[in-house]
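Structural overview
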Amino acid sequence: MPYISASIILQLLTRHPALERLAKEGEAGRKKITQYTRYGRWAVARAVARHRDRLESMRSPTGLAIVPTPGWGFRMLTMITLTAAPRSSCGSASRSPRRASATASR
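Residues numbered from 1 in each chain as written. Predicted model: local features only at pLDDT ≥ 70, side-chain atom pairs only at ≥ 80, totals over all residues. Heavy atoms only, no water.

**Looking at the pattern of salt bridges**
One pass over the structure, following the stated rule, counts two salt bridges. The residue Lys24 makes a salt bridge to Glu20 at a minimum N-O spacing of 3.7 Å. Of this pair, Lys24 and Glu20 are both found in helix 2 (residues 17-24), four residues apart, which corresponds to roughly one turn of the helix. Given the relative accessible area of 67%, Lys24 is considered exposed. (Salt bridge = Lys/Arg side-chain N within 4 Å of Asp/Glu carboxyl O. Helix = DSSP H or I, 4+ residues; strand = E, 2+ residues; numbered from the N terminus. Buried < 20%, exposed > 50% of the residue type's maximum accessible area, 1.4 Å probe, protein only.)

**A short note on the packing of helix 1 (residues 2-13) against helix 3 (residues 27-57)**
Helix packing geometry: the angle between the two helix axes and the distance between the axes. For the pair helix 1 and helix 3, interaxial distance at closest approach is 8 Å and the crossing angle is 125°. Here helix 3 runs oblique to helix 1, going by the angle between their axes. Considering the relative orientation of helix 1 and helix 3, their crossing is right-handed. The segment helix 1 lies against helix 3, with Pro2, Tyr3, Ser5, Ala6, Ser7, Ile9 and Leu10 engaging Ile33, Thr34, Tyr36, Thr37, Arg38, Gly40, Arg41, Val44 and Ala45. Of the residues belonging to the contact of helix 1 with helix 3, the class tally is nine nonpolar, five polar and two charged. (Axes fitted to C-alpha atoms, helices over the stretch in contact; angles between N-to-C directions. Parallel < 35°, antiparallel > 145°, perpendicular 65-115°, else oblique. Left-handed = near helix turned anticlockwise from the far one by under 90°. Contact = heavy atoms within 4.5 Å. Nonpolar A, V, L, I, M, F, W, Y, C, P; charged D, E, K, R; others polar.)

**Some thoughts on the packing of aromatic side chains**
Inspection of every chain in the model, using the stated rule, returns zero aromatic pairs. A cation over a ring is seen here: Arg75 above Trp72, with NZ or CZ 4.9 Å from the ring centre. (Phe/Tyr/Trp six-rings, centres within 6.5 Å; stacked < 30°, edge-to-face > 60°. Lys NZ or Arg CZ within 6 Å of the ring centre and 35° of its normal.)

**Quick look at the environment of Gln11**
Along the chain, the position of Gln11 falls in helix 1. When the C-alpha atoms of Gln11 and Ala23 are compared, they prove to be 9.5 Å apart, with 12 residues separating the residues in sequence.

**Digging into the packing of helix 2 against helix 3**
Two elements in contact, helix 2 and helix 3, have axes separated by 6 Å at closest approach and are oriented at 130°. Here helix 3 runs oblique to helix 2, going by the angle between their axes. In contact with Leu19, Leu22 and Ala23 of helix 2, helix 3 contributes Gly29, Arg30, Lys32, Ile33 and Tyr36. Among the residues forming the contact of helix 2 with helix 3, the class breakdown is five nonpolar, one polar and two charged.

Okay, structure coming up:
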């Protein structure tokens, strides 16, 4: 999720003149934008981690804890959900065109 989010953010920022020039430079520009995306994923991951930590200490309006048993179990489940779920959904989406073309060729 952090890499995909960083990639989307950078694609939106390519309207900035400096990034627009990089995008028009061809392969070298794309490599540089990919490098910036990799750096951006760490910023996105850190922001997600900070909000996860904040969620652990939040309380509902009635005073109940939103996360009843915060700890490593919650952190691991959150980390797995944020990293594995987007990959599995992207993986199935990348296979669907093959199935569609195989069906069309029959």
